[in-house]
Amino acid sequence: MTTTTTTDPGATDPTGETMERTTAQAPGTARPTAPHAPDAERLRRWRMVLGADSADSTGCTLTGQDAAMDGALNALYGGGAGKKPGGGRGAGGRSAGLGASAPSVARWLGDIRTYFPSSVVQVMQRDAIDRLGLAALLLEPEMLEAVEADVHLVGTLLSLNKAMPETTKETARAVVRKVVEDLEKRLESRTRATLTGALDRSARISRPRHRDIDWNRTIRANLKNYLPVPGPAGAGGEGDPGGAGGTEGRGTIVPERLIGYGRASRSAKKDVVLCIDQSGSMAASVVYASVFGAVLASMRTLSTRLVVFDTAVADLTDQLDDPVDVLFGTQLGGGTDINRALAYCQSKITRPADTVVVLISDLYEGGIRDEMLKRVAAMKASGVQFVTLLALSDEGAPAYDHEHAAALGALGAPAFACTPDLFPDVMAAAIEKRPLPIPDKEPQQ
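Residues numbered from 1 in each chain as written. Predicted model: local features only at pLDDT ≥ 70, side-chain atom pairs only at ≥ 80, totals over all residues. Heavy atoms only, no water.

**Quick notes on the packing of aromatic side chains**
Then step 1. For the structure shown, the criterion picks out one aromatic pair.
Then step 2. Aromatic pair Phe292 and Phe423: ring centres 4.5 Å apart, planes at 40°, arrangement tilted. Here the residue Phe292 occupies a position in helix α10 (residues 283–297), and Phe423 occupies one in helix α15 (residues 423–432), the gap between them amounting to 131 residues. With respect to burial, Phe292 and Phe423 carry one shared label: buried. (Phe/Tyr/Trp six-rings, centres within 6.5 Å; stacked < 30°, edge-to-face > 60°. Helix = DSSP H or I, 4+ residues; strand = E, 2+ residues; numbered from the N terminus. Buried < 20%, exposed > 50% of the residue type's maximum accessible area, 1.4 Å probe, protein only.)

**With respect to empty space enclosed by the protein**
Then step 1. Counted by the stated rule, this structure contains one cavity of 30 Å³ or more.
Then step 2. Space inside the largest cavity adds up to approximately 80 Å³.
Then step 3. The wall of the largest cavity is formed by 11 residues, among which Leu109, Gln125, Ile129, Leu138 and Val147 lie closest to the centre.
Then step 4. Within the residue set of the lining of the largest cavity, elements represented by two or more residues are α4 (102–115) and α5 (118–132).
Then step 5. In terms of residue class, the lining of the largest cavity is built from 10 nonpolar, one polar and no charged. (1 Å grid on protein atoms, 1.4 Å probe; cavity = no way out; pocket = protein on both sides within 12 Å on 5 of 7 lines; lining within 4 Å. Points joined across faces, edges and corners; volume = space filled by probe spheres on them. Nonpolar A, V, L, I, M, F, W, Y, C, P; charged D, E, K, R; others polar.)

**Some points on the nonpolar core**
Then step 1. One finds Trp108, Leu157, Val358 and Phe423 to be the most contacted residues of the largest nonpolar core, which totals 82 residues.
Then step 2. Sort the elements by how many residues they give to this core and helix α8 (residues 166–202) lands first, with 10 residues.
Then step 3. Aside from chain neighbours lying at most four places away, what touches Phe423 is Leu274, Phe292, Val358, Leu389, Leu392 and Cys418.
Then step 4. By size, the runner-up hydrophobic cluster in this structure holds 25 residues, among which are Ala341, Cys345, Met372 and Val376. (Core = buried A, V, L, I, M, F, W, Y, C linked by side-chain atoms within 4.5 Å. Contact = heavy atoms within 4.5 Å.)

**Let's talk about the layout of surface pockets**
Then step 1. When its volume is computed, the largest pocket comes out at roughly 410 Å³.
Then step 2. Along its surface, the largest pocket is lined by 25 residues, and His152, Gly280, Ser281, Ala283 and Ala284 are the ones closest to its centre.
Then step 3. Mapped onto the lining of the largest pocket, the elements with two or more residues apiece are α5, α7 (151–159), α10 and β12 (385–392).
Then step 4. When residues in the lining of the largest pocket are grouped by element, the largest group, five residues, is from α7.
Then step 5. Partitioning the lining of the largest pocket into residue classes produces 11 nonpolar, nine polar and five charged.

**Re the pairing of strand β11 (residues 355–360)**
Then step 1. Burial of β11 is extensive: six of the six residues sit out of reach of the surface.
Then step 2. In β11, alternate side chains face the same way, and those of Thr355, Val357 and Leu359 on one face and Val356, Val358 and Ile360 on the other are all buried.
Then step 3. As judged from the six bridges shared by strand β8 (residues 270–277) and β11, these two strands associate in the parallel manner. If you follow Leu274 over to β11, its bridge partner there is Val358.
Then step 4. Examined bridge by bridge, β11 and β12 share five bridges and lie parallel to one another. Along β12, the bridge assignment pairs Val356 with Gln385. (Pairing = 2+ DSSP bridges.)

**Section: the confidence of the model for the protein**
Then step 1. Across the protein, the average pLDDT comes to 76, with 71% of residues at 70 or higher.
Then step 2. Mean pLDDT in the protein bottoms out at strand β2 (residues 18–26), which sits at 45, and peaks at β11, which reaches 96.
Then step 3. Per-residue pLDDT stays below 50 along residues 1–33; that stretch engages in 50 contacts with residues further than four places along the chain or on separate chains.
Then step 4. Every residue in residues 234–245 is under pLDDT 50, and counting partners more than four places away or in other chains gives 13 contacts. (pLDDT = per-residue confidence, 0-100.)

**Considerations on the pairing of β8**
Then step 1. Extensive coverage of β8 is indicated by the burial of eight of its eight residues.
Then step 2. Alternating residues of β8 divide into Lys270, Val272, Leu274 and Ile276 and Asp271, Val273, Cys275 and Asp277, and every residue in both groups is buried.
Then step 3. Pairing between β8 and strand β9 (residues 302–309): eight bridges, direction parallel. Directly across from Asp271, in β9, lies its bridge partner Ser303.

Encoded structure:
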């Protein structure tokens, strides 16, 4: 018996590669043997990608950890994960779906944390909550202890806050606190450094004390007042073609205008008002804004106010020392009345020229649109720096009201989505009254 390998130029696998056919030939017969190792690995990968429904077509049987990973994926994304109430696939088929059993879900959460990296686990958890309606199970402490905590999970817990039993609240607070502390470690140092520099620059004064003079900026501002200094007559010599005794090219600058930094003061240099839409679609933004609010409140040169709203307005400024308290003081969901929230913020402004108002909202206004725009125009006319963020999150382009965004842009208050990493730069630009570093020009059009 002989074995031959041939290449079929017309046959390709799903990756577009040319396939090889291996056949074993005996006198009068020809039958295929097992595929080569590269083909077997390719089939295994396709079997993992396509799921259990492809078992017959690929002819590949999974074992060991591959089978366990496939089971975890199939429980969430397989045909039984919502298509069939019982999760069955017929005779001999593996059942899929997590059902409503807390123990089975807890085991599944443990499995996916074993087999997948945390970034993938977080995506699968979100999909499980959305596809299988598992939010109610998060009200059980043992479930919360099994999940991989992230910003989206915090948003889900906050939306369930009112329905959460007392036995679960402490566990939920521990989960939220872990996420908040991780975010603070990631965001605090850069935020403080960026805004401290912006506040120092914004505090420059034109009549500084000698020790407070910023000489580099003072020299640049007075270059037009440069006066050359002539050398003594007849002092020229070899190597001194100008005959100025080596002083040619030298001169003095008359500092007509001094620029310097203001003296350090315990009083706040700027007022910041964070006005946050707490409708359900803004969950991640609420989490990030609360963390940033706590960071800003810890800076003595800033006076920070945090206001959350739906159809009502809540001032959570007195809770800013603990962002977890801020988050549990919100109530995600409900309607939206931006005009009412801005009216409250406007009433708290005492130093318009030194105030930055940050509205974080998708702009789906349920209140009076024209009044909202008039308030924004009035604040800007008084000297307030007004910033509109359609989202403050790591996600992509958010859904938002394009008409309202365009109207705000026409008032000189462009609306755009902002990632947490960009937020310190946006705030620094607003404090210094510079153009905002808008990452995407399209939303403000």
